Protein chains: 2
Amino acid sequence: MRLSRYFMPILKENPKEAEIVSHRLMLRAGMVRQQSQGIYSWLPLGKKVLDKVNAIIREEQNRAGAVELLMPTLQSAELWQESGRYEAYGKEMLRIKDRQERPMLYGPTNEEMVTDIFRSYVKSYKNLPLNLYHIQLKFRDEIRPRFGTMRSREFLMKDAYSFDMTREDAIHSYNKMFVAYLRTFARLGMRAIPMRADTGPIGGNHSHEFIILAETGESEVFSHKAFTDFDIPAETTDFDDVAGLQAIFDKWTSVYAATSEMHDEAAFNAIPDTDRLSARGIEVGHIFYFGTKYSEPMGAKVQGPDGKEHPVHMGSYGIGPTRLVPAIIEASHDENGIIWPESVAPFDVVVINMKPGDAACDTLSEKLYASLKNAGKDVLYDDTDDRAGTKFATADLIGVPVQIIVGPRSAAVGEVEVKDRKTGAREVMTLEAALNRATG
Amino acid sequence: MRLSRYFMPILKENPKEAEIVSHRLMLRAGMVRQQSQGIYSWLPLGKKVLDKVNAIIREEQNRAGAVELLMPTLQSAELWQESGRYEAYGKEMLRIKDRQERPMLYGPTNEEMVTDIFRSYVKSYKNLPLNLYHIQLKFRDEIRPRFGTMRSREFLMKDAYSFDMTREDAIHSYNKMFVAYLRTFARLGMRAIPMRADTGPIGGNHSHEFIILAETGESEVFSHKAFTDFDIPAETTDFDDVAGLQAIFDKWTSVYAATSEMHDEAAFNAIPDTDRLSARGIEVGHIFYFGTKYSEPMGAKVQGPDGKEHPVHMGSYGIGPTRLVPAIIEASHDENGIIWPESVAPFDVVVINMKPGDAACDTLSEKLYASLKNAGKDVLYDDTDDRAGTKFATADLIGVPVQIIVGPRSAAVGEVEVKDRKTGAREVMTLEAALNRATG
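Residues numbered from 1 in each chain as written. Chains lettered and ligands numbered in written order. Predicted model: local features only at pLDDT ≥ 70, side-chain atom pairs only at ≥ 80, totals over all residues. Heavy atoms only, no water.

1. Details of the overall build of chain A
Argument step 1. The helix and strand tally for chain A stands at 14 helices and 23 strands.
Argument step 2. By its C-alpha atoms, chain A is 80 × 60 × 40 Å across when sized along the principal axes.
Argument step 3. Here the contacts in chain A between residues at least 6 apart in sequence split such that 72% fall between residues at least 24 apart.
Argument step 4. Carbon and sulfur atoms form 46% of the exposed surface of chain A, whose accessible area is close to 17300 Å².
Argument step 5. One finds the centroid of the 54 positive side-chain charges in chain A at a distance of 4 Å from the centroid of its 63 negative side-chain charges. (Helix = DSSP H or I, 4+ residues; strand = E, 2+ residues; numbered from the N terminus. Contact = heavy atoms within 4.5 Å. Areas by Shrake-Rupley, 256 points an atom, 1.4 Å probe, with all protein chains shown as cover. Lys, Arg positive; Asp, Glu negative; His and termini not counted. Charge placed at Lys NZ, Arg CZ, Asp CG, Glu CD.)

As structure tokens, this is what we get:
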């Protein structure tokens, strides 16, 4: 992408409304723009990161056997009356009447709708297990949206829903998502700690939040420090291996970890002083097993091997992509801007032409741009007339992992400078060496 | 994907509510499900087709220089009061009040919001041309939603918005989208005819609808038959070539074509009898140039080379992916089901194991499944216990272009049968030959 043809509105001033670093950097880098209170546009740079986050979430959901569909944002109130949540959900639910005066709502979550889909089609235990997910907009009318897309009203959520014949099978489905979540967060460059959690309005009796540590987190968390040494489950993990997944779950829940709502002071104090971790964190995922809470009232039953009808055991599993983007920034930035993990960087590499119009600079830059694109890299080519200082500041701010700087003196001898965003290390090398570095 | 682990609820009976063939086939193939009047879930098979349609739209938008972002679904009423459309839009606009009683709406289109984004950041003609697009849900509260996702209330739209300094530049931006649309529909396996169109609530004075011919179309259209011979612009088209794009536009608008609203009986009758085409069609895209209709009232101005401020010239360009899917089916099906163009088929190939449990069938099927996946193909593997007749009917119904049938007799000698969905031709061949055929 040529920067001269892109839309990346960089702000020079620190926006006053931003209280936390991720919000400030997302505004300054032109990633998002607030349209109404707690409602954001994702500008092109932000949209690219969001797409990459979604792609990783999708890959790990599919690997764990979940199947993607797309449910609508607007739901009929009737469904929620069936489950009993229509009155219970409170003011966070955005209630709407259409032109026929039918009561509708903007879905804050999809347990009811997916249960309705399930009961319409699935009649036998032979079609289980089943896990259906979508990545779709939700709306929760928070009284105090804040921190940019970290706590917004219209937001994107990946929500998966599992259906099983028995509690035992449902726990296996739960463990699949538990492992998928560990892998997802690791691939996003973050270490998330699963913590026993309160189930809130979703309900149920078995639930974990995934928390990443950050000073600006809204949750107070307490855990054993052992988590930093636990292995992330491999890509080759067999999700059909019931005992194997249970072992991973057991390992990751073998030491103390809880949010303040579930905190057990005595258990925490039993941990040796030096292993105790008391910090702030950001909730980036939440999984629930809630048995037959929705299948009973909504009549989602299957015929079992015994020939009788049984309500299915369900779980739900949420990740918020529009919250993950700022969470990644909270975990990875410096005074100059964002430092993206390679997996979600909006561009893999930026080619900075220091002097557009200079023949050597233009030739070398164009050659780099074309070669990197041919090598399958996502390249930003800064071909603008901005001053060198502005170009460097922008490249650092937007956090692209590799910067290739093409200046007139070195270009004249076929050389460029390669800068690593994370370490700040710079090295002068030939064009070929730079290509190898950026595609290696 | 193993069918035993997929969610593809095939309906055996013809659904009564479906009036047109695409709606009937989408319901029968388990592609969509109505959740409320005119509001649909896209089940996994439908979601896959929708994703492929979106990917082609996106590629052609990017090729034409448009830049993707993502605006939210909910908009503040204030923006629409600025443009004057809040009162004018009528009952199709879904009006909402949030918990603070602030008037909002579910966006039926995004001219106001994108103009607001533009005016917030772009101040100089040097940053033009600019074309911003998104693929986002819209809501229009139609009094009579029907024909499944062909005319639904919540639907997906790709809407692009161009900004230029002058009318002349804006016409070039318009031509870019005109060419991108011709390419997009062709890649989706359809020939769309651009027709002079009424501008409706979007406004403006230069507008074309893209219509594909189908008996079930809601529009009555009149055109010269020459369109069937016109060349689709090549992938290598230079979108910066002002004269080149204008020549393509001129060619495609050189003969008569109009919807009934714009029909000129006299002009039509001037066409020789044998070249006249009077038919029904489906609108699959609509493009508008509307000058300063929004930029004037909303103050979207840039500084020109003359140092003065000028309101920008704008256009908007819509394609409905959730309508395109049924439109493709209307144009491509037979009595047994859907016949997908390869470009958007939910799977490239289906491997039908006629006798799961038979060692030769299982071995050969698994080998085919693994090899095709390794070759980058999107494969459905029917490993279910259904009867052979059911499997064949399902494969035809869902319209996967290539079927590889693994039966016990031929499997014993290492052979399989390959069926072409479109022609119905079947051929027995070795496993290797079948692999070559399916990956060739």
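Moving on from the model shown.
2. Describing the side chain of Arg 153 of chain B
Argument step 1. If you trace the backbone, Arg 153 of chain B turns up in the loop between β7 (130–139) and β8 (154–164).
Argument step 2. At 2.8 Å, the side chain of Arg 153 of chain B and the backbone oxygen of Gln 37 of chain B are in polar contact. (Polar contact = N/O pair within 3.5 Å; in protein donor to acceptor, adjacent residues only side chain to side chain.)

3. Let's talk about the relation of the copies chain A and chain B
Argument step 1. Turning chain A through 180° and shifting it by 0.0 Å along the axis lays it on chain B, with an RMSD of 0.0 Å. Look at the turn and shift together and you get a two-fold axis relating the two. Closest approach to the rotation axis within chain A is made by the C-alpha atom of Ile 96 of chain A, at a distance of 3.0 Å.
Argument step 2. Interface overlap between copies is the fraction of interface residues in one copy that are interface residues in the other; for chain A against chain B it reaches 100%, indicating a shared surface. (Least-squares fit on C-alpha atoms with pLDDT ≥ 70 in both.)

4. A closer look at the pattern of salt bridges
Where charged atoms from two side chains of opposite charge approach closely, those side chains can pair.
Residues and elements named next belong to chain A.
Argument step 1. Under the defined criterion, the tally for this structure stands at 62 salt bridges over all chains.
Argument step 2. Put simply, Arg 2 and Glu 366 hold a salt bridge, and the shortest N to O gap is 3.0 Å. Taken together, the residues Arg 2 in the segment before α1 (21–28) and Glu 366 in helix α11 (residues 359–374) connect sequence positions 364 residues apart.
Argument step 3. On the basis of relative accessible area, Arg 2 is assigned to the partly exposed category, the value being 25%.
Argument step 4. We classify Glu 366 as partly exposed; its relative accessible area is 33%.
Argument step 5. For the salt bridge of Lys 52 with Asp 378, the shortest nitrogen-to-oxygen distance reads 3.0 Å. On the criterion of sequence distance, the pair formed by Lys 52 in helix α2 (residues 44–63) and Asp 378 in the loop between α11 and β20 (379–382) is long-range, its members being 326 residues apart.
Argument step 6. By relative accessible area, Asp 378 is classed as partly exposed at 22%. (Salt bridge = Lys/Arg side-chain N within 4 Å of Asp/Glu carboxyl O. Buried < 20%, exposed > 50% of the residue type's maximum accessible area, 1.4 Å probe, protein only.)

5. Remarks on the interface of chain A and chain B
Argument step 1. Contact with chain A, which involves 57 residues of that partner, is made by 57 residues of chain B.
Argument step 2. Between chain A and chain B lies a buried interface of about 4800 Å² when both sides are counted; carbon and sulfur atoms form 59% of it.
Argument step 3. Considering only the surface of chain A that becomes buried against chain B, Phe 7, Arg 99 and Tyr 121 of chain A emerge as the three largest contributors, covering 16% of it.
Argument step 4. In this structure, the connection of chain A to chain B is made through 8 salt bridges.
Argument step 5. With a closest N to O distance of 2.9 Å, Asp 240 of chain B and Arg 5 of chain A form a salt bridge.
Argument step 6. Here chain A is connected to chain B by 24 residue pairs in polar contact (both at pLDDT 80 or more).
Argument step 7. For the side of chain A that touches chain B, the class distribution of residues is 30 nonpolar, 10 polar and 17 charged. (Buried area = accessible area lost by both parts, 1.4 Å probe. Nonpolar A, V, L, I, M, F, W, Y, C, P; charged D, E, K, R; others polar.)

6. Some thoughts on helix α12 (residues 388–398) of chain A
Argument step 1. Buried within α12 of chain A we find Thr 390, Lys 391, Thr 394, Ala 395, Asp 396, Leu 397 and Ile 398 of chain A.
Argument step 2. Positive phi shows up at Gly 399 of chain A, right after α12 of chain A, with a value of about 75°.

7. Overview of the sheet that holds strand β6 (residues 103–106) of chain A
Residues and elements named next belong to chain A.
Argument step 1. With antiparallel pairing, the 3 strands of this open sheet are ordered in space as β4-β6-β5. What marks the edges here is a single partner per strand, and that holds for β4 (74–76) and β5 (94–97). Each neighbouring strand pair of the sheet contributes to a mean axis angle of 40°, computed without reference to strand direction.
Argument step 2. Sheet topology note: the β5/β6 ladder contains 4 bridges and is antiparallel. Counterpart to Lys 97 in the pairing with β6 is Pro 103. (Pairing = 2+ DSSP bridges. Axes fitted to C-alpha atoms, helices over the stretch in contact; angles between N-to-C directions.)

8. Some thoughts on the sheet that holds β20 of chain A
All names here are of chain A.
Argument step 1. Sheet architecture is open: 5 strands sit in the order β20-β19-β21-β22-β23, paired in mixed fashion. Each of the sheet's edge strands pairs with one partner strand only, and the pair in question is β20 and β23 (426–430). Strand after strand, the sheet turns through a mean of 25° between neighbouring axes, direction not considered.
Argument step 2. Across 5 bridges, the pairing between strand β19 (residues 349–353) and strand β21 (residues 402–406) is parallel. Its bridge partner lying in β21, Val 349 is registered against Val 402.
Argument step 3. Sitting on the sheet, α12 touches β19, β20, β21 and β22 (415–420), and the angle it makes with β19 is about 175°.
Argument step 4. Sheet strands in contact with helix α14 (residues 431–439) are β19, β21, β22 and β23, and its direction is about 120° off that of β23.

9. Things to note about the packing of helix α11 (residues 359–374) of chain B against helix α14 (residues 431–439) of chain B
Residue and element names in this part refer to chain B.
Argument step 1. The geometry of α11 relative to α14 is characterised by a closest axis approach of 11 Å and an angle of 35° between their N-to-C directions. Considering how the two elements wind past one another, α11 and α14 form a crossing that is right-handed. Of α14, the residues touching α11 (which contributes Leu 364, Lys 367, Leu 368, Ser 371 and Leu 372) are Leu 431, Leu 435, Ala 438 and Thr 439.
Argument step 2. Taken together, the residues of the contact of α11 with α14 break down into 6 nonpolar, 2 polar and 1 charged. (Left-handed = near helix turned anticlockwise from the far one by under 90°.)

10. Quick word on α2 of chain A
Argument step 1. In this model α2 of chain A runs 29 Å from its N-terminal to its C-terminal C-alpha over 20 residues, within 8% of the 28 Å that 1.5 Å per residue would give.
Argument step 2. Phi for Gly 65 of chain A, located one or two positions after α2 of chain A, is positive at around 90°. (Expected span 1.5 Å × (residues − 1).)

11. A word on the packing of aromatic side chains
Residues and elements named next belong to chain B.
Argument step 1. Scanning the entire structure with this criterion turns up 39 aromatic pairs over all chains.
Argument step 2. Summarising the aromatic geometry, the rings of Tyr 6 and Phe 347 are spaced 5.7 Å apart at their centres and angled 75° between planes, so their arrangement reads as edge-to-face. Of this pair, Tyr 6 sits in the segment before α1 (21–28) while Phe 347 sits in the loop between β18 (337–338) and β19 (349–353), and the two are 341 residues apart along the sequence.
Argument step 3. The exposure class assigned to Phe 347 is buried, which follows from its relative accessible area of 1%. (Phe/Tyr/Trp six-rings, centres within 6.5 Å; stacked < 30°, edge-to-face > 60°.)

12. Remarks on the environment of Asp 275 of chain A
All names here are of chain A.
Argument step 1. Topologically, Asp 275 is positioned in the loop between α8 (265–269) and β13 (276–291).
Argument step 2. Each C-alpha atom of the pair Asp 275 and Tyr 133 lies 37 Å from the other, and the pair is 142 residues apart in sequence.
Argument step 3. Setting aside anything within four residues of it in sequence, one finds Asp 275 in contact with Ser 223, His 224 and Lys 225.

13. With respect to the domain arrangement of chain A
Residues and elements named next belong to chain A.
Argument step 1. Looking at chain A, the domain boundaries give domain 1 (3–338) and domain 2 (347–439).
Argument step 2. Each of domain 1 and domain 2 has a C-alpha centre, and these two points are 38 Å apart.
Argument step 3. With 15 residues of domain 1 at the contact, the number on the domain 2 side is 13 residues.
Argument step 4. For the pair domain 1 and domain 2, the two sides together bury roughly 1300 Å², of which 60% comes from carbon and sulfur.
Argument step 5. The largest share of the area that domain 1 buries against domain 2 comes from Leu 3, Asn 336 and Ile 338, three residues that together contribute 38% of it.
Argument step 6. Linking domain 1 with domain 2 are 3 salt bridges, by the criterion used here.
Argument step 7. Here Asp 334 ties to Arg 421 by a salt bridge, and the two come within 2.8 Å at their closest N and O atoms.
Argument step 8. Viewed at the interface, domain 2 and domain 1 are joined by 9 residue pairs in polar contact (both at pLDDT 80 or more).
Argument step 9. Contributing elements (two or more residues each) for the side of domain 1 that touches domain 2: α1, α2 and β18 (337–338).
Argument step 10. Of all the elements, α2 adds the most residues to the side of domain 1 that touches domain 2, at 3 residues.
Argument step 11. Counted by class, the side of domain 1 that touches domain 2 contains 8 nonpolar, 3 polar and 4 charged residues. (Domains from an automatic or database assignment.)

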